[in-house]
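Chain by chain, the residues:
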Amino acid sequence: MRLDQRLIAGMIRPRTRVLDVGSGDGALLDYLFRNSGCDARGIEIDMKEVTRSVAHGLPVMHGDADHDLAHYPDNAFDYVVLQRTLQAVERPREVLRQMLRIGRYAIVSFPNFGHWRLRLQLLTRGRMPMTSVWSRPWYDTPNIHPCTILDFLTLCRDEGYGVQQWMAVDEDGERAPWRRSIRLANLFGEQALFLLRRKDGPRP
Amino acid sequence: MDNAIPATSLSHQSVTFAEGLPLDCGFHLAPVDVAYRTYGRLSPARDNAIVVCHALTGDQYVADPHPLTGKPGWWSRMVGPGLPIDTDRFFVICSNVLGGCMGTTGPRSPRTLPDGTQEPWGTDFPPITIRDMVRAQKLLVEHLGITRLLAVVGGSMGGMQVLEWAATYPECVFAALPIATSPFHSAQNIAFNEVSRQAIFADPQWHGGRYWECGEIPARGLAVARMMAHITYLSEAALTRKFGRRVRHEPGKSGAGAPGSLFGEMFEVESYLRHQGSTFVRRFDANSYLTITRAMDYFDLGAEHDGDMSHPFAGTRTRFCIVSFSSDWLFPTSQSRLLARALNRVAANVSFVEIESDKGHDAFLLDEPDFDRTIRGFLCGAAEHAGIA
């Protein structure tokens, strides 16, 4: 399991209901079931990964964040997780709304477009930045909604989501040390990880 | 066309329920025989049982040779020691459906008339539903001393039974595996069934359904029904791969089949379908075909709930694994997705996989490694969650 997935797992209380949107190879689901006793389920867009997960006995269904969250009832889960996917969905704001409708908490990770290397490349070369995180050219990237950590915080404020916890993480998933300053995190953090709750707070 | 009379006197392993069964149509059918096969051993805790539900023309001989055709069981590549439905671990039960013709009470079973004489039910057999089939299976499962099934598994019409099991007896079904199926029978599929039935009705040897009186069977009609249906089980890609436009030459034939005549040559696909038709009539009863296709047509999980297919599953704790095949146009993935979303609406535990295959609806009976892995993995996961070592 990637290190940032360990950080996500650390945010999830044992024996809760979890929906992992974009569950990939199912590593987080497997961990949450075996180590935390969670009722953990996944949605995954890549059919090969779905088949692989189900073949490992994990409950994963084919689907995607944009089209399949709307079918779940309110409060179906304690946590809804979206890993490194927010920037690639069609309607990020709607996806966040759905996550916090069907779950009490949302855990969201995304690559930070405010990282200094991206800013520097755009400034010095005048072209769309390419880094190990943002590795595909503009015409070929699935990441159609890049945002910075500050952008994301603004959206959370506008939508009235409470930020329970946040951290900046480098590409390997190591927790970065800029926990105190959002501005420094926005400059030096390659990935961001947020634990959000609904405006009206978690229901009992 | 082959006119062989199907053997009616075969003996099958079966159990008789004298008290019978109340049917959805209001009729109380009694007695009810349920013919079945079991594989593997029931654990002392009686917690490792899996019910396999067969499709329209299947039967209980899921993993041992068919007594009429001598061919291997219809799912012998899936059910057996070390196979995905592993009989070294699980106790597998498969019964012939109500309305069938392989030992379970159906149109060919005898009934006693008011004057004390006996004759087959024929077309007077009451209309049955998929739920009636499942009720009969429930009697069998109780008879075997099992209160909770680890899983219910089935493809096509078998998948409809899986869904009825989960909807009707949710507390008895730990895991459900509906394969290549749909939460309701579509208009297109009802249409195909109707053509099949009309082919049987049009056969002069059908005799209004009382063909046994003349010692005949509507072999031609039933064979045409089977040929038409068989096309729907395949895909264009599968037919092209298997047969293409190849022509089969049969030297020495005269008359209508002679070279130079309109039908002097036969495409291989025609020959294949004729073979499928003629072998089918040897093992299947026409009135059973009518009864069972009608049961499929009636199937609609949302019918009693204003079309809401999720309603029957409200509060379910069953683990579902829905499987579809990319080239299946009889029970397409879109219908499985409707089912998956209906289950999402009640926050059920659902896995949903579409297997890439060009083999059409029949893919669930054929060699598809990803499919095998899915079945094995899901059942192992279910066993783990159920606390079965």
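Residues numbered from 1 in each chain as written. Chains lettered and ligands numbered in written order. Predicted model: local features only at pLDDT ≥ 70, side-chain atom pairs only at ≥ 80, totals over all residues.

Residues and elements named next belong to chain B. When cut into domains, chain B gives domain 1 (14–188 + 301–385) and domain 2 (190–292). Each of domain 1 and domain 2 was reduced to a C-alpha centroid, and the two centroids are 27 Å apart. At the interface, 27 residues of domain 1 touch 22 residues of domain 2. For the side of domain 1 that touches domain 2, a count of residues per class yields eleven nonpolar, twelve polar and four charged. (Domains from an automatic or database assignment. Contact = placed C-beta atoms within 7 Å. Nonpolar A, V, L, I, M, F, W, Y, C, P; charged D, E, K, R; others polar.)

Residues and elements named next belong to chain B. Core analysis: the biggest nonpolar cluster contains 166 residues, and Ile50 and Ala151 have the highest contact counts within it. The greatest single-element share of this core, amounting to eight residues, is contributed by helix α4 (residues 219–233). Each of domain 1 (14–188 + 301–385) and domain 2 (190–292) contributes no fewer than three residues to this core. Residue contacts for isoleucine 50: discarding those within four places in its chain leaves Ile85, Phe90, Val92, Leu149, Leu150, Ala151 and Val153. (Core = buried A, V, L, I, M, F, W, Y, C linked by C-beta atoms within 7 Å. Buried ≥ 20, exposed ≤ 12 C-beta atoms within 10 Å, placed from the backbone. Helix = DSSP H or I, 4+ residues; strand = E, 2+ residues; numbered from the N terminus.)

The next subject is the interface of chain B and chain A. The interface is formed by 22 residues belonging to chain B together with 17 residues belonging to chain A. Listing elements by their share of the side of chain B that touches chain A, those giving two or more residues are β15 (319–325), α8 (333–345), β16 (349–355) and α9 (369–385) of chain B. If one sorts the elements of the side of chain B that touches chain A by residue count, α9 of chain B sits on top with nine residues. Grouping the constituent residues of the side of chain B that touches chain A by class yields eight nonpolar, six polar and eight charged.

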